[in-house]
Amino acid sequence: MSSANVEDKKSDLKEQEDPCKSCSEKKGSSKCDNCPSAQSSADKAAKKAERDERIMKRLESIKYKIAIVSGKGGVGKSTITASLALNFSMMGYRVGVLDADVSGPNIPHLLGVEGHKLTGSELGIEPAMSRNGVKAVSSEMVLSTSDTPMLWRGPMRTTMVYQFIADVNWGSLDFLLVDLPPGTGDEPLSVMQMIPLDGIVIVSTSSNLSVLDVSKIINMARNLEVPILGLVENMSYLQCPDCDKQIRLFGENKVGQLSKHYGVDLIGQVPVDPQNSGVDELPADGRSLIVTSVRAIAEKIVSILKEKA
Ligand SMILES: Nc1ncnc2c1ncn2[C@@H]1O[C@H](COP(=O)(O)OP(=O)(O)OP(=O)(O)O)[C@@H](O)[C@H]1O
C-alpha cells in the first residue's frame with residue numbers, strides 16, 4: 001500500500017466516522033441543533049484527546065503490545081495468535097488476547113472459552129480467563145450465540161475494538177496479542193493508529209495470492225512506522241508420516257523470498273498439522289504440532305523485543 005493509499009484510507013475513515021454522511025437532513029439544517037451527533041470540532045478534539053488518554057492509561061501496565069496480521073483470510077492468523085499466547089503463558093508470561101476480528105471471531109474456540117459472556121466491574125470489562133491462564137476478549141462474547149453473525153458496518157466494528165482497547169480490565173500483562181482481521185482495511189488501520197504497538201507479526205502461507213497481499217501489509221506498517229517483528233510461514237510443509245521428506249504444499253518458499261525482498265526476518269515456519277480439526281481448543285500439553293512448532297517463534301519474539309529494549 002503506497003503512502004497515498006494510506007492517506008486515502010485515513011480520510012475514508014474520517015468520512016465514515018461522520019454520522020452526517022448517512023443522515024437524510026442537509027448538513028446545517030435546523031434539525032441539526034437537536035442532533036446528539038452534532039459536535040463542535042473542539043468537542044471532537046477533546047474527545048479524541050480523552051480517548052487517547054484512556055487508551056494510554058489502560059495500556060501502561062502492559063509491557064509488550066503485538067498485533068498478528070495477514071494479507072488474506074484463512075492463512076492461520078488466529079491459530080498462530082492463540083498458539084503464541086499459549087506458548088508465552090507456558091513460558092511464564094502473563095498474556096491477554098484481544099480478538100479484533102469482529103466479524104470472524106475465532107479466538108474463544110481456540111482458547112477454550114467459547115460461550116463465555118463478558119461482564120463488567122467498576123474496573124472495566126472483565127476478560128475471560130482460559131484454563132491455561134490466557135485472558136481473552138472477543139466480539140463473540142457479546143453475541144447471543146456463536147453462530148449469530150455480527151452485522152455491523154466498519155465504524156461500529158472499530159468502536160467495539162476501541163472499547164476493547166480502552167475499557168478491558170487486563171490488569172498487568174507481559175504480552176497483549178491483538179488478532180486483527182485480514183487485509184489493510186479500516187480495523188487494522190485503526191488498531192495500528194490507536195495502539196502504540198511494539199510490533200506486528202505477519203502470517204502467510206506460500207500460496208501466490210497470500211504472498212501478494214503480504215506486500216501491502218508490509219508497506220502499510222512501514223508507512224505507519226509500526227515495527228515488523230517478522231514473517232511466519234504457516235502450513236509451510238507436511239511431514240511425510242513414512243519418511244523424512246517434507247512435502248511443500250504451496251511449492252517453493254515464497255514467504256522466504258518475500259522476506260529477502262523486503263528485508264523482513266522470516267521468524268518461523270509452521271507445518272501442516274493433519275490432526276488439527278480447527279474447531280477445538282488448541283491443547284497446550286504437547287499434543288498439537290502447531291502449538292509445539294510455534295514455541296521457537298515465541299522464543300524468537302522474546303529475544304527480538306529484549307534486543308530492542
Ligand atoms: N498449521 C496448520 N495445520 C493445519 N491446519 C491449520 C494450520 N493453521 C491453520 N489451520 C486451519 O486453517 C483454518 C484457518 O485458520 P485460522 O482461522 O487461524 O485463519 P485466519 O487467518 O485467522 O482466518 P480469518 O482471518 O479468515 O479468520 C482453520 O481451520 C485452522 O484450523
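Residues numbered from 1 in each chain as written. Predicted model: local features only at pLDDT ≥ 70, side-chain atom pairs only at ≥ 80, totals over all residues. Heavy atoms only, no water.

Colleague: Please clarify how the state of the cysteines should be interpreted in this entry.
Modeller: Structurally, a disulfide amounts to a covalent bond that connects the sulfur atoms of two cysteines. For the coordinates displayed, the defined rule picks out zero disulfides. Here Cys 240 stays free of any disulfide, with the sulfur of Cys 243 as its closest cysteine sulfur at 3.3 Å. For Cys 240, a relative accessible area of 16% puts it in the buried group. (Disulfide = S-S within 2.5 Å. Buried < 20%, exposed > 50% of the residue type's maximum accessible area, 1.4 Å probe, protein only.)

Colleague: Please clarify how the layout of surface pockets should be interpreted in this entry.
Modeller: Left-over empty space is what a probe sized like a water molecule reveals as it rolls over the atoms. Within this model, the second largest pocket holds a volume of roughly 340 Å³. Taken together, 21 residues make up the lining of the second largest pocket; nearest its centre are Gly 74, Val 75, Gly 76, Lys 77 and Thr 79. Top element by residues in the lining of the second largest pocket is helix α3 (residues 77-90). It accounts for three residues. Per-class residue counts for the lining of the second largest pocket are seven nonpolar, 11 polar and three charged. (1 Å grid on protein atoms, 1.4 Å probe; cavity = no way out; pocket = protein on both sides within 12 Å on 5 of 7 lines; lining within 4 Å. Points joined across faces, edges and corners; volume = space filled by probe spheres on them. Helix = DSSP H or I, 4+ residues; strand = E, 2+ residues; numbered from the N terminus. Nonpolar A, V, L, I, M, F, W, Y, C, P; charged D, E, K, R; others polar.)

Colleague: Please clarify how the nonpolar core should be interpreted in this entry.
Modeller: Proteins that are soluble and globular tend to have nonpolar side chains buried together. Membership of the largest hydrophobic core comes to 82 residues, with the highest contact counts inside it found for Leu 84, Ile 200 and Ile 301. Those residues in contact with Leu 84 that lie beyond four places of it in its chain are Ile 68, Leu 177, Val 294, Ile 297, Ala 298 and Ile 301. (Core = buried A, V, L, I, M, F, W, Y, C linked by side-chain atoms within 4.5 Å. Contact = heavy atoms within 4.5 Å.)

Colleague: What exactly am I supposed to notice about helix α8 (residues 254-262) here?
Modeller: For the α-helix, the turn length of 3.6 residues means that residues three or four positions removed from each other point alike. When α8 is considered as a whole, its buried residues turn out to be Lys 254, Val 255, Gly 256, Leu 258, Ser 259 and Tyr 262. For α8, the elements touching its buried residues are β8 (199-204), α7 (208-223), β9 (228-234) and β12 (266-270). Immediately downstream of α8, the backbone of Gly 263 shows phi near 70°, a positive value.

Colleague: When you look at the site of the ligand in this model, what are you seeing that I'm missing?
Modeller: Neighbouring the ligand are 18 residues, the closest being Ser 78, Thr 79, Asn 234, Asp 273 and Asn 276. The side chain of Thr 79 places a nitrogen or oxygen atom 2.5 Å from an oxygen atom of the ligand. Take Asn 234: an N or O atom from its side chain is 2.9 Å from a nitrogen atom of the ligand. In the complex, 79% of the free accessible area of the ligand, which totals 630 Å², lies under the protein chains. (Near = heavy atom within 4 Å. Polar contact = N/O pair within 3.5 Å; in protein donor to acceptor, adjacent residues only side chain to side chain. Areas by Shrake-Rupley, 256 points an atom, 1.4 Å probe, with all protein chains shown as cover.)

Colleague: What's the story with the pattern of salt bridges in this structure? I'm lost.
Modeller: With the rule as written, the count across this model stands at 11 salt bridges. Where Lys 77 meets Asp 101, a salt bridge forms, and the shortest distance between an N and an O atom there is 3.8 Å. Of this pair, Lys 77 sits in helix α3 while Asp 101 sits in the loop between β2 (95-99) and α4 (107-110), and the two are 24 residues apart along the sequence. Of the residues examined, Lys 77 reaches a relative accessible area of 6% and is grouped as buried. Residue class for Asp 101 comes out buried when judged on its relative accessible area of 11%. Taking the shortest distance from any N to any O, the salt bridge between Lys 216 and Asp 213 comes out at 3.2 Å. (Salt bridge = Lys/Arg side-chain N within 4 Å of Asp/Glu carboxyl O.)

Colleague: What's the story with unusual backbone geometry in this structure? I'm lost.
Modeller: One can expect most non-glycine residues to show negative phi and most peptide bonds to be in trans. At Glu 225, a position not held by glycine, the phi torsion is positive, near 60°. Residue position: Glu 225 is located in the loop between α7 and β9. Taking relative accessible area as the criterion, Glu 225 reaches 72% and is therefore assigned exposed. Residue Met 235 is not a glycine yet carries a positive backbone phi of 50°. In this fold, Met 235 is placed in the loop between β9 and β10 (238-239). Owing to a relative accessible area of 27%, Met 235 belongs among the partly exposed residues under this scheme.

Colleague: Before we go on, may I ask you to explain the sheet that holds strand β1 (residues 62-69) in this structure?
Modeller: In a beta sheet, neighbouring strands are held together by backbone hydrogen bonds and run either parallel or antiparallel to one another. One open sheet holds the eight strands; their spatial order is β5-β6-β2-β7-β1-β8-β9-β12, and the pairing between them is mixed. What marks the edges here is a single partner per strand, and that holds for β5 (128-129) and β12. Each of β1, β7 (173-179), β8, β9 and β12 is contacted by helix α9 (residues 289-308), which is oriented at about 170° to β12, the strand it contacts most. (Pairing = 2+ DSSP bridges. Axes fitted to C-alpha atoms, helices over the stretch in contact; angles between N-to-C directions.)

Colleague: When you look at the packing of α7 against α8 in this model, what are you seeing that I'm missing?
Modeller: The interhelical angle for the contact between α7 and α8, taken along N-to-C directions, is 25°, at an axis separation of 10 Å. When the interaxial angle is binned, α7 and α8 end up roughly parallel. Between α7 and α8 lies a crossing whose hand is right-handed. Residue-level inspection shows Asn 208, Val 211, Val 214, Ser 215, Ile 218, Asn 219 and Arg 222 of α7 in contact with α8, the latter providing Lys 254, Val 255, Leu 258 and Tyr 262. (Parallel < 35°, antiparallel > 145°, perpendicular 65-115°, else oblique. Left-handed = near helix turned anticlockwise from the far one by under 90°.)

Take it as geometry only, folks, not as evidence of what the structure does.
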